[in-house]
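Observations on the model geometry
These are the residues of each chain, in order.
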Amino acid sequence: MPIEEEVRNILMKEKEMCSELKVCIGTDSQVKGKEIEFATVIVFIRKGKGGFMYIHNEITTRRMAIKERMLEEVARSIDIAFALCSLFIAFNVDMEVHADINTNPHFKSHDALKEAMGYIMGMGFTFKAKPNAFASSSCANKIVH
């Protein structure tokens, strides 16, 4: 089933159950030899009642520098957020895009922070980076590690 249709069904079901939802979308990646594994997650949080997530894994053999890989993670998250944002608006669901990018300048991923933040916020989405980006740095991270 296309993800848009699946998410619409979820939102209708959760509305019937009177759940107050928040959605966080994030991607993480891991270099494994000559491959890079990407995992994108859509985390549905039922405020005060737990949550659940959907996962999409993909492996590529394209070589990427760390900054390019960080921005590829962000692009994958934005693709999903953009495809689903009209549903979230229609159902009055808050959405955040999480980037697995460190705000500490001593980490290599920090080099991509300004571009990622500009990209996400330029699309009109709420942006979270480490340590507040649990969708990417915890949920997606567990899939690729």
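Residues numbered from 1 in each chain as written. Predicted model: local features only at pLDDT ≥ 70, side-chain atom pairs only at ≥ 80, totals over all residues. Heavy atoms only, no water.

**A short note on the sheet that holds strand S2 (residues 35-46)**
The condition that has to hold: At least two DSSP bridges between two strands are needed for those strands to be called paired. In this description a helix means any DSSP run of H or I spanning at least four residues, a strand means any run of E spanning at least two, and both kinds are numbered starting from the N terminus. Fitting a line to C-alpha atoms yields each axis, with helices limited to the stretch in contact; the angle taken between N-to-C directions then spans 0 to 180 degrees.
One open sheet accounts for five strands, arranged S3-S2-S1-S4-S5; its pairing is mixed. Edge positions in the open sheet fall to strand S3 (51-60) and strand S5 (126-129), since each of these has one partner strand only. Looking at each pair of strands side by side, their axes are set apart by 20 degrees on average, direction ignored. One ladder, built from six bridges, connects strand S1 (residues 21-32) with strand S4 (residues 94-99); its direction is parallel.

**Some details on the environment of Phe-38**
Summarising the element assignment, Phe-38 is placed in strand S2. Between the alpha carbons of Phe-38 and Ala-65 there is a distance of 15 Å; along the sequence they are 27 residues apart.

**A look at the pattern of salt bridges**
Stated formally: A pair is scored as a salt bridge if a Lys or Arg side-chain nitrogen falls within 4 Å of a carboxyl oxygen belonging to Asp or Glu. Exposure classes here rest on a 1.4 Å probe applied to the protein chains alone. A residue is buried below 20% of its type maximum, exposed above 50%, and partly exposed in between.
This structure, assessed with the given rule, holds nine salt bridges. Its salt-bridge partner being Lys-22, residue Glu-96 comes within 2.9 Å of it at the nearest N-O pair. Of the two residues, Glu-96 sits in strand S4 while Lys-22 sits in strand S1, which places them 74 residues apart along the sequence. Note on Glu-96: relative accessible area 9%, which makes it buried. The salt bridge involving Glu-72 is made with Arg-76; its shortest N-O contact spans 2.9 Å. One end of the pair, Glu-72, and the other, Arg-76, are both in helix H2 (residues 66-90), four residues apart, so they sit about a helical turn from each other.

**Description of helix H1 (residues 3-16)**
Applicable threshold: Helix span, as expected, comes to 1.5 Å for every residue beyond the first. This arc describes the spread of directions from the helix axis toward the C-beta atoms.
Spanning 14 residues, H1 covers 20 Å between terminal C-alpha atoms, matching the ideal 20 Å at 1.5 Å per step. Among the residues of H1, Val-7, Ile-10, Leu-11 and Glu-14 are the ones counted as buried. The buried residues of H1 occupy an angular sector of 100 degrees when the element is viewed end-on, so they sit on one face. One or two positions beyond H1, positive phi appears at Cys-18, with a value near 60 degrees.

**Re the environment of Gly-48**
Inspection of the secondary structure puts Gly-48 in the loop between S2 and S3. Through-space distance from the C-alpha of Gly-48 to that of Leu-21 is 9.6 Å; in sequence the pair is 27 residues apart.

**Examining the pairing of S1**
Here 12 bridges tie S1 to S2, and the two strands are oriented antiparallel to one another. Following the sheet pairing, Leu-21 is matched in S2 by Arg-46. Between S1 and S2, which follow one another and run antiparallel, lie two residues, and Gly-33 among them has a positive phi close to 70 degrees.

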